[in-house]
Amino acid sequence: FRPKPRGLHFCLVGQAASSHSARAPRRAGPERLPDSAMDDDMEDMSSFHEEETERDEEGSDSRSESEGFDDDGEEGEADFDMAARVGHISRQQLAGSPPEAQLAIWAESLLPIEADLVTELDASNLFFVHAESMIFDLIASNQVPFEEDTQFLRLTFVLEQLMGRIKAVGGYFRLIFFEASKKLFSAAFGESVWAFRQAFLVHCRSNGIDFAVFPHWYSPEWKDHVAEWRPSFFLLTSDTVELEADADEDDRKELRGFFHAFMLRCLSAKTHVALLRGMQFRGNRIMAFSLEPDIYDGFIDKNVQGMLEKSFDEEEDDEDEEDDGTPIVESLRKFKAAAGSKVDENSALRSLIAARFGKATLKNTAAANAQTCCLGKLVVKTLLLQEMMLRQIPLDKRAFSTLPSAEWEFYDEKIAKAALARYFDHVAQAMGKLMQETAADDVKLFACDLFDGRVFRHVFHFVVSRGLANKGEVREESTKFKDWVNDELYHMWAQCTSGDGKDFFPIDISAIKDLPGLKPGDLPPKAKPREKPELADIKSDFLEALAKTMEITHVQLIEEETDERDELVWRKYAWTPNEPLDAVAEAEAMEKNEGEKKLMEKMKLKDKITARDLQFIKSYQMKQRQMQLRSLHQYSASLTGSNKLHPPIIMKEEDKDKKGGKEKEKEKDKKEEEKKAEKVSKKQQEILDKREQEEKKKIEE
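Residues numbered from 1 in each chain as written. Predicted model: local features only at pLDDT ≥ 70, side-chain atom pairs only at ≥ 80, totals over all residues. Heavy atoms only, no water.

A. Main features of the overall build of the protein. The number of helices and strands found in the protein is 27 helices and 14 strands. Across the 701 residues that make up the protein, the buried fraction comes to 38%. Looking at the protein as shown, the accessible area adds up to about 43700 Å², and 50% of this sits on carbon and sulfur atoms. (Helix = DSSP H or I, 4+ residues; strand = E, 2+ residues; numbered from the N terminus. Buried < 20%, exposed > 50% of the residue type's maximum accessible area, 1.4 Å probe, protein only. Areas by Shrake-Rupley, 256 points an atom, 1.4 Å probe, with all protein chains shown as cover.)

B. The arrangement of a negative patch on the surface in detail. A surface patch of like charges, here negative, comprises Glu686, Asp689, Glu692, Glu694 and Glu695. Position of Glu695 among the secondary structure elements: in helix α27 (residues 682-700). (Patch = residues over 30% accessible without salt bridge, like charges linked within 9 Å, V, L, I, M, F, W, Y side chains within 5 Å. Salt bridge = Lys/Arg side-chain N within 4 Å of Asp/Glu carboxyl O. Lys, Arg positive; Asp, Glu negative; His and termini not counted. Charge placed at Lys NZ, Arg CZ, Asp CG, Glu CD.)

C. Expanded view of the packing of helix α12 (residues 258-267) against helix α13 (residues 298-313). Between α12 and α13, whose axes approach to 10 Å, the crossing angle comes to 125 degrees. For the element pair α12 / α13, the angle class is oblique. Seen from above, α12 lies across α13 with left-handed handedness. Contacts from Phe258, Ala261, Leu264 and Arg265 of α12 reach α13 at Ile300, Asp301, Val304, Gln305, Leu308 and Phe312. (Axes fitted to C-alpha atoms, helices over the stretch in contact; angles between N-to-C directions. Parallel < 35°, antiparallel > 145°, perpendicular 65-115°, else oblique. Left-handed = near helix turned anticlockwise from the far one by under 90°. Contact = heavy atoms within 4.5 Å.)

D. Expanded view of a nonpolar patch on the surface. Judged by side-chain polarity, Ile538, Phe542 and Leu543 come together as a nonpolar surface patch covering roughly 300 Å² of accessible area. Its location among the elements puts Phe542 in helix α21 (residues 541-549). With a relative accessible area of 59%, Phe542 lands in the exposed category.

E. How the structure looks around the pairing of strand β8 (residues 272-275). Summarising the sheet, strand β7 (residues 233-236) and β8 pair through four bridges and their orientation is parallel. Each residue of the ladder has a partner; that of Phe233, found in β8, is His272. Here β8 runs beside strand β10 (residues 285-291); their pairing, made up of two bridges, is antiparallel. Residue Ala274 lies in a different strand from β10, and its bridge partner there is Ser290. (Pairing = 2+ DSSP bridges.)

F. The pairing of strand β5 (residues 172-178), seen in detail. Counting buried residues in β5 gives six out of seven residues, a clear majority hidden from the surface. With five bridges joining them, strand β4 (residues 126-130) and β5 adopt parallel strand pairing. Looking at β5, one finds that Leu126 is bridged to Tyr172. By the bridge criterion, four bridges tie β5 to strand β6 (residues 211-214) in an arrangement that is parallel. When the sheet's bridge partners are listed, Phe178 is paired in β6 with Phe214.

G. Geometry of the nonpolar core. By size, the foremost hydrophobic cluster in this structure holds 150 residues, and its most contacted members are Trp106, Leu175, Trp217, Trp222 and Met431. Per-element accounting of this core gives the leading share, 12 residues, to helix α17 (residues 409-436). (Core = buried A, V, L, I, M, F, W, Y, C linked by side-chain atoms within 4.5 Å.)

H. How the structure looks around helix α16 (residues 370-392). Taking 1.5 Å per residue, 23 residues should reach 33 Å; α16 reaches 33 Å between its end C-alpha atoms and fits that length. The buried fraction of α16 is high, at 17 of 23 residues. (Expected span 1.5 Å × (residues − 1).)

I. The arrangement of the pattern of salt bridges in detail. Across all of its chains, the model carries 27 salt bridges by this definition. Note that Arg457 and Glu148 form a salt bridge whose closest N and O atoms lie 3.6 Å from each other. Of this pair, Arg457 sits in helix α18 (residues 453-469) while Glu148 sits in helix α6 (residues 146-149), placing them 309 residues apart in sequence. Taking relative accessible area as the criterion, Glu148 reaches 32% and is therefore assigned partly exposed. A cluster of three or more residues bridged by salt bridges with shared partners is formed by Arg350, Glu387, Arg391, Arg398, Asp449, Asp452 and Glu488.

J. Inspection of the side chain of Arg457 at higher detail. Exposure remark for Arg457: the relative accessible area of 3% places this residue in the buried category. A polar contact of 3.2 Å, which involves the side chain of Arg457, links it to the backbone oxygen of Glu148. In this structure, Arg457 is in contact with Glu148, Asp149, Thr402, Leu403, Pro404, Ser405 and Tyr411, ignoring residues within four places of it in sequence. (Polar contact = N/O pair within 3.5 Å; in protein donor to acceptor, adjacent residues only side chain to side chain.)

K. Representation of the side chain of Asp116 in the model. With respect to the helices and strands, the residue Asp116 is situated in strand β3 (residues 113-116). One buried charged side chain, Asp116, makes no salt bridge at all; its nearest oppositely charged neighbour is Arg285, positioned 4.8 Å away. Looking at Asp116, its side chain comes within polar contact range of the side chain of Thr119, at 2.7 Å. Discounting chain neighbours no more than four positions away, the residues touching Asp116 are Leu121, Arg285, Ile286 and Met287.

L. Structural detail: the packing of aromatic side chains. Scanning the model with the defined rule gives 41 aromatic pairs in all. Aromatic pair Phe185 and Phe189: ring centres 6.4 Å apart, planes at 45 degrees, arrangement tilted. By relative accessible area, Phe185 is classed as buried at 0%. Residue classification places Phe189 among the buried residues on the basis of a relative accessible area of 16%. Pairing Trp217 with Phe312 gives two aromatic rings, centres 5.3 Å apart and planes at 80 degrees, and the pair type is edge-to-face. Within this pair, whereas Trp217 is found in the loop between β6 and α10 (220-229), its partner Phe312 is found in helix α13, the two being separated by 95 residues in sequence. For Phe312, a relative accessible area of 14% corresponds to the buried category. If you follow Arg174 out to its NZ or CZ, it ends over the ring of Trp229, 4.1 Å from the centre. Taking NZ or CZ as reference, Lys381 lies 5.0 Å from the ring centre of Trp493, over its face. (Phe/Tyr/Trp six-rings, centres within 6.5 Å; stacked < 30°, edge-to-face > 60°. Lys NZ or Arg CZ within 6 Å of the ring centre and 35° of its normal.)

M. Layout of the packing of helix α7 (residues 152-168) against helix α9 (residues 191-206). Orientation of α7 relative to α9, taken along the N-to-C sense of each, is 55 degrees, at an axis distance of 11 Å. Viewed along their axes, α7 and α9 adopt a mutual orientation that is oblique. Two packed elements cross with a definite hand, and for α7 against α9 that hand is right-handed. In this structure, α7 contributes Phe152, Leu155, Thr156, Leu159, Glu160 and Met163 to the contact, and α9 contributes Ser192, Ala195, Phe196, Ala199, Phe200 and His203. Taken together, the residues that form the contact of α7 with α9 break down as eight nonpolar, three polar and one charged. (Nonpolar A, V, L, I, M, F, W, Y, C, P; charged D, E, K, R; others polar.)

N. Seen up close, unusual backbone geometry. Following Phe505, the chain continues into Pro506 via a peptide bond in cis, with omega recorded as 0 degrees. By secondary structure assignment, the location of Pro506 is in the loop between α20 (483-497) and β12 (507-508). One non-glycine residue, Asn142, lies in positive phi territory at about 65 degrees. Among the secondary structure elements, Asn142 is positioned in the loop between α5 (131-140) and α6. Phi at Lys471 takes a positive value of approximately 60 degrees, unusual for a residue other than glycine. Relative to the assigned elements, Lys471 resides in the loop between α18 and β11 (473-474). When its relative accessible area of 76% is taken as the criterion, Lys471 is described as exposed.

O. A look at the state of the cysteines. If you walk through the whole model with that rule in mind, you get zero disulfides. Residue Cys373 stays outside any disulfide, its sulfur separated by 7.5 Å from that of Cys374, the closest cysteine. (Disulfide = S-S within 2.5 Å.)

Scope: geometric values only; no functional claims are made or implied.
Written out as structure tokens, the structure reads:
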């Protein structure tokens, strides 16, 4: 009989299979058929295999992709049979539905199962992690407020922290990037997230993180890579992409099930899919929801592929108009040589991108009106001031509070969504070009801290507020920079203007000071430090000894006020005031099983617990312990080197008093024996002396 196709639940493909199943129904039990019936069945089977062979030779391209990835040959139209079933979804449910609706129906029917990625899905062998899924999941779930602050370093840290925790439990993975994700990130978040993705890709290459980049998951390169490496499973997100109402309708239709389409494609490789959302680390285990490859639907996959593949293959013109064709690595090498000690290695790449963007912006706004030219210079100078701040401010001092972007409409509309969008587009192009170049050992590519939106917004707020307060100008003394910091700032401005850089100050904003909404709101007040926690002054020898060795200043000790205590609550929960807690006993305590809980509830219902009840409880506990010891003994007997280490009986410990009494009795017995040995008659003593003398004579002879 023809085996059931892999990846489909209880379905036969083609009319020949269904007609054959009608001629030769499945019989229950090992009943033997008559010879004539067996001959008829054999003829039916031979004719069925001949029909199958002819059908496979004539139209192999028209088969659904139930055997894995599709072939590179031409694909025929998918047969639509209303009576057939594909996976858990009937074809009748899919009749007349567009591919995006079919994909949504399939996604709603999924029932993920929680599994341990290490022990059950074999995470210790190579598995693939979708990098864009991690980025999308962190931003969409608001674990990292990237859209508000746009801090490249913070998001990079969270991603590396997640990867580090996977490695710590023995996970071995490879990051997978797809260039087709650009359309998703640009539509869902704007240019900043795609710029970060490109910078993170450069960061992975610079730090030796295992990764691979593909155009999209329908490309032949991706199919060959999966077939070559055969990962244990795929780790990605299952989020539905919800775009804003003003987004393009075609983008909303194609991108809503973006990750579901990739999930479906991964399942076609007969490999499990684990989901990022809800993943938890429990000791050396990684618990996550997973999908089995049996839920793959080749019919829907092929329809979705026809919808997305055309969009993925569309090539966008990403060429930078201001690009002179010089490789980024070569430009960075020249930039560092010209700067000398004014730019360190960690800031070189960020400074080069800021200088290139500043030069292009000043050139583009030179012929514009006065307001546009002034606003362009303001953005560039703010970017260079941010560069100085990022070089000098320690990381722990960059966690400060400033005016939120949503409370400053001018900044949100004119700067964040317009000027900075062009900057992020410039960053993405530079990083993409850098990935196409050969890495150089003498050039350090520090790409994890290319931009800090919180610092930029704070500096922009400072420049605008100080300029409006000083008749539209911000002078050099307002920044209070050291001379060597000003030298670095002037050098950066010279890279943008091709001058000496001395004309950076004053920053003139007089042309835009009358724009509506330019004046920012007040900065939020400084967060008040938390008060010391109040703790009851418990008299303890340990605390007194501790106070002699170190001064306890981080808590405030107060005298306990017994009058304010709720005695009803204390009696209800049987709390004991000023009772020390034994941490060791608490750690050793085990949760009661169902039998013990029922026993304790039964005892609570009694008015009085008698000695017989206490004996029953003790016998029950001993019985439970005996059963556990037997189980432990059986388990240890099956392990090498552990046999006979755990006896199957309870070793009772004798009371100290009883043990001491027995020892005293033994000592008394010994003393009595010694006394008996000392009491010898006179005649017996003479006989003993005579025997000793005879033995001495024998020895002398």
